[in-house]
Amino acid sequence: MFDAVSWPAIASLGSGLLSLAFLGYVWPYRDEDGATLFMAMIGAIALWAVSYGVALLVFDPGLRVVFEIPIWLGTCFTSLLFLAFALEYTGRKDVVRSTPMAGVVALTLGFVGLIATNPRHHLVWSEYRIDPTFGAATVAYTNEAWLFLILLTLMLFTTGAVLVLLETFVSYGPLYRSQTLALALSPVPIIPGILLWVFDAGPMPNLNLAPLLFPAHLGLDMYAFFRRNMFELTPAARRTGDQTAIDDLGIGVIIVDDDQRVINANETATTIVGTPKPSLLGKSLDGIALDVELDSDEQRIRHGDNRTCDYAVTVSPIEDSADSTVGHTITLQDITIERQREQRLAVLNRVLRHNLRNDLNVASGYLDVVADGVDDEEYTNMLTTAKANTDSVLALGEKARMVERTLETDELGTESIPLAGFVDHVAEPLVDDHGGRVDTEIPGNLTIETNRQLLESVLDNLIENGLEHGGGAVTVGATTAGSTVRIEVGDSGGGVPKHELSVIEEGTETDLEHGSGIGLWLIEWGTTALGGSVSYETDATGTTATVELPGVVDPDAIGGTNASTETEAEA
């Protein structure tokens, strides 16, 4: 049954033992993406090589044909497992676990079953006989149609795996390139051996050289494993992370190719268009009834069948390495509630700004007239209180108008503002209204480049708070550091109440804790819109509010001495 050991048998058995040794190194990584399938592939290679090596020692024709079963089992599943590994390793685990893949597994098992039963039907090969080569029990037979079909299918599996790995090599940058390229090239050394054997070519047509060439295949795998940390840096994490990020954005994302066909979409997008993802993929953008213009960066659309919603749409081109546009990313953000809120605020603002303000002005005027015509002191006091409350609401309405102006300054631009004179301009009417005085300690030649309206809103509220609650004496100073200006507004008051500051810091107002006015909000919003920040500090001498505005000063233009002025209430 067994003859002398020949070098082809030794080489094939050596390939199998090398594969088994490599498995030992991979075993600790078995829980990583693709590692189990990679180990199964190496196991199939070992089965193929060992079975072929042993078969080359068996000269009994009846027993020799039995060894074709494990040889072809290893052959078929090496290609199948290579495809499954490539898919899972690159983040396509859902494909590996899909129904089509189950069909591929069943097809492969059918091939093995066909080979195992070949002695009965001879559909795979015929005229099977021992034809020794170099003292090894190689066989010769006539290849039938099913053998070519099986090998063609296995080649397609291998080609699919190579393409998947090369796509990752091209798409995911240098982090994964070395290992994916090595893995993609690993089948290349054994393909010539298979082709020579199938087509009875070369000096040794009966000897299948593929098992003997496995060390070259394993060498590339080992390079990826030992030198490139293939299971420590897996592209599956990158692909999964990309898709998870898209799915978790909370907005609809649709990706179309250069022919405007949908090639990817997240769950939010499928809900918006009312089409399941499998049906959506491959569909034309026009076919999903989205009124989106790909040449417009930002737009708003209304979409929906049962419930119409408003969406803010952003379109971004996708460019390849040659800077050619190959598709577009479309994001759909539901702004229905935001738009409704804008409409409600606009209505309420109009009522407050026009109707309520006009009616209160009339009421305030009548209260003045009535108070002047009433001799009863008690009624006079009541009318005076009503007048003060009415004027307070009018002042609040004026603040609300200031809020509107503050929040609508995106396109107002900037201008050069001599800071000392500007502070005097803001302070004079406030001193006239509230009394007290405002001292300025600002370099006379200090000019800043910023938005006049926002800066006036910030300084107006800071100075007004100091005059009202800080003892009536306010000092405004300014210093520079590079291109940043620090404006300090100090008074001798007890500071901003902690509960009001906490409201500003947290960014919300509640029923239990709320600011007494909107002045602090105006300061916060205005400073933020100017690209700066505001802070408050209270000590034994009083309170200082510091506004820092970066990028508003030209350091080369600063020089000279400080100019100090004082604005006082008229006696």
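Note that the structure is a prediction, hence the values are computed from the model and not measured.

A. Seen up close, the overall build of the protein chain. A count of helices and strands for the protein chain gives 20 helices and 15 strands. Considering the protein chain as a whole, with its 571 residues, one finds that 42% of them fall into the buried category. Within the protein chain, contacts between residues separated by at least 24 positions form 64% of all contacts whose residues are at least 6 apart in sequence. Only carbon and sulfur atoms are counted for the fraction: they give 55% of the accessible area of the protein chain, which is about 29,400 Å².

B. Structural detail: the pattern of salt bridges. Going through the model one piece at a time under the given rule, you end up with nine salt bridges. Salt-bridge contacts for E415 lead to R452; the nearest nitrogen and oxygen are separated by 3.2 Å. Here the residue E415 occupies a position in strand β8 (residues 415-418), and R452 occupies one in helix α18 (residues 452-469), the gap between them amounting to 37 residues. A single network of salt bridges, built from pairs that share partners, joins D257, D259 and R261.

C. Quick look at the packing of aromatic side chains. This model, assessed by the stated rule, comprises 20 aromatic pairs. Aromatic pair W7 and F134: ring centres 5.4 Å apart, planes at 50°, arrangement tilted. Highlighted residues: W7 in helix α1 (residues 7-26) and F134 in the loop between β1 (125-130) and β2 (139-143), separated in sequence by 127 residues. Look at W7 and you get partly exposed, because its relative accessible area is 45%. What makes F134 partly exposed here is its relative accessible area of 49%. Here the aromatic cluster, defined as three or more aromatic residues joined through ring pairs, consists of F22, Y25, Y29, F38, F85, Y89, F225, F226 and F231. Geometry around F169 places R177 over its ring, the cationic atom sitting 5.7 Å from the centre.

D. How the structure looks around the environment of D257. Here D257 is to be found in strand β3 (residues 252-257). For the pair D257 and H328, spaced 71 residues apart in sequence, the C-alpha to C-alpha distance is 6.5 Å. Only 2.9 Å separates the side chain of D257 from the backbone nitrogen of D259, close enough to count as a polar contact.

E. Representation of a negative patch on the surface. Taken together, the side chains of D375, D376, E377 and E378 present a region of like negative charge at the surface. Within the secondary structure, E378 is located in helix α16 (residues 377-407). E378 gets classed as exposed once you look at its relative accessible area, which sits at 57%.

F. Up close: the sheet that holds strand β5 (residues 298-303). Overall, antiparallel pairing links the five strands, which are arranged β4-β3-β7-β6-β5 in an open sheet. The open sheet terminates on both sides in strands that have one partner only, identified here as β4 (262-265) and β5. Between one strand and the next, the sheet's axes are offset by a mean angle of 25°, whatever the strand orientation. As paired strands, β5 and strand β6 (residues 309-319) are joined by six bridges and run antiparallel to one another. Looking across to β6, one finds that I301 is bridged to Y311.

G. View of empty space enclosed by the protein. Taken as a whole and judged by the stated rule, the model has four cavities of 30 Å³ or more. Put simply, the largest cavity is a space of about 200 Å³. Forming the boundary of the largest cavity are 16 residues, of which W48, S79, T158, I190 and I194 lie nearest the centre. By residue class, the composition of the lining of the largest cavity is 11 nonpolar, five polar and no charged. In this model, the second largest cavity occupies a volume close to 140 Å³. Along the walls of the second largest cavity sit 14 residues, with I71, W72, Y141, W197 and N208 positioned nearest its centre. Elements with a contribution of two residues or more to the lining of the second largest cavity: α2 (35-55), α4 (68-89), β2 and α10 (191-198). Grouping the amino acids of the lining of the second largest cavity by side-chain chemistry returns nine nonpolar, three polar and two charged.

How each quantity is defined
- Residues numbered from 1 in each chain as written.
- Predicted model: local features only at pLDDT ≥ 70, side-chain atom pairs only at ≥ 80, totals over all residues.
- Heavy atoms only, no water.
- Helix = DSSP H or I, 4+ residues; strand = E, 2+ residues; numbered from the N terminus.
- Buried < 20%, exposed > 50% of the residue type's maximum accessible area, 1.4 Å probe, protein only.
- Contact = heavy atoms within 4.5 Å.
- Areas by Shrake-Rupley, 256 points an atom, 1.4 Å probe, with all protein chains shown as cover.
- Salt bridge = Lys/Arg side-chain N within 4 Å of Asp/Glu carboxyl O.
- Phe/Tyr/Trp six-rings, centres within 6.5 Å; stacked < 30°, edge-to-face > 60°.
- Lys NZ or Arg CZ within 6 Å of the ring centre and 35° of its normal.
- Polar contact = N/O pair within 3.5 Å; in protein donor to acceptor, adjacent residues only side chain to side chain.
- Patch = residues over 30% accessible without salt bridge, like charges linked within 9 Å, V, L, I, M, F, W, Y side chains within 5 Å.
- Lys, Arg positive; Asp, Glu negative; His and termini not counted.
- Charge placed at Lys NZ, Arg CZ, Asp CG, Glu CD.
- Pairing = 2+ DSSP bridges.
- Axes fitted to C-alpha atoms, helices over the stretch in contact; angles between N-to-C directions.
- 1 Å grid on protein atoms, 1.4 Å probe; cavity = no way out; pocket = protein on both sides within 12 Å on 5 of 7 lines; lining within 4 Å.
- Points joined across faces, edges and corners; volume = space filled by probe spheres on them.
- Nonpolar A, V, L, I, M, F, W, Y, C, P; charged D, E, K, R; others polar.

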